[in-house]
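One letter stands for each residue in the lines below.
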Amino acid sequence: MTLWKPLDWFLYKIFLSWWPRSIEPNHITVFRFVAIPPVIYFIVTGNYMIGIPLFAIAAFSDALDGALARMTLQVTEWGKLYDPLADKLLIGSVAAIVVTQYLGALVTVLIVGVEGILIVTAWWKKNILKKKNIEAGVLGKVKMVLQSVGVGLLLVFAVNGSLLVFGISEVLIAAAIICAIGSLFTYNSV
């Protein structure tokens, strides 16, 4: 947790200090779940002017709910389980659409497959092994940022066709896959 304190403090001061007290971190996670169908709809229908900003807001809400939970001491068991699930569903569903289209099905299978292993492992540890403290490590958090930015840039490429944006997206998604595989080992999943 101490590693994320400067980032949490920054997010809290810039975005969350004015935040209504009635909106709790778990509400932001629920927003992410609710945002997934519209994000998919707008991307599938090619309405990127709405789909890309909505995806960006939903992906950024992951950083906000975590910072809010830690800074206001509102970390819950529900949030520990469903926050990462919301992230994986958001990234996985958008990746299934745009990564498959532009980078191929194998890359999508790698992204979604590793995320699936992480979900099953977390469930196994919590429910079968009865471990209390199940949290993403540094590689898992870096992976989420790389995936979000990489997939977001791939969406931008779908609009503007810039090969530079495409190349950066490829590098970020490849780095995210490497971090995801690394997190399997640091998370003791394999």
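Note that the structure is a prediction, hence the values are computed from the model and not measured.

Focus on the side chain of Asp83
By secondary structure assignment, the location of Asp83 is in helix α4 (residues 77–103). Owing to a relative accessible area of 17%, Asp83 belongs among the buried residues under this scheme. For Asp83, the contacting residues outside a window of four places in its chain are Thr29, Arg32, Asp62, Asp65 and Trp78.

Considerations on helix α3 (residues 48–71)
Between its first and last C-alpha atoms α3 spans 34 Å; for 24 residues at 1.5 Å apiece the expected length is 34 Å, and the two agree. The sharpest bend along α3 comes to roughly 25 degrees, located at Ser61. Downstream of α3 by one or two residues, Leu73 has phi in the positive range, about 55 degrees.

Focus: the environment of Thr76
With respect to the helices and strands, the residue Thr76 is situated in the loop between α3 and α4. A C-alpha to C-alpha distance of 26 Å links Thr76 and Leu146, two positions 70 residues apart in sequence.

The rules we used
Residues numbered from 1 in each chain as written. Predicted model: local features only at pLDDT ≥ 70, side-chain atom pairs only at ≥ 80, totals over all residues. Heavy atoms only, no water. Helix = DSSP H or I, 4+ residues; strand = E, 2+ residues; numbered from the N terminus. Buried < 20%, exposed > 50% of the residue type's maximum accessible area, 1.4 Å probe, protein only. Contact = heavy atoms within 4.5 Å. Expected span 1.5 Å × (residues − 1). Bend = angle between axes of the 7 residues up to and from the residue.

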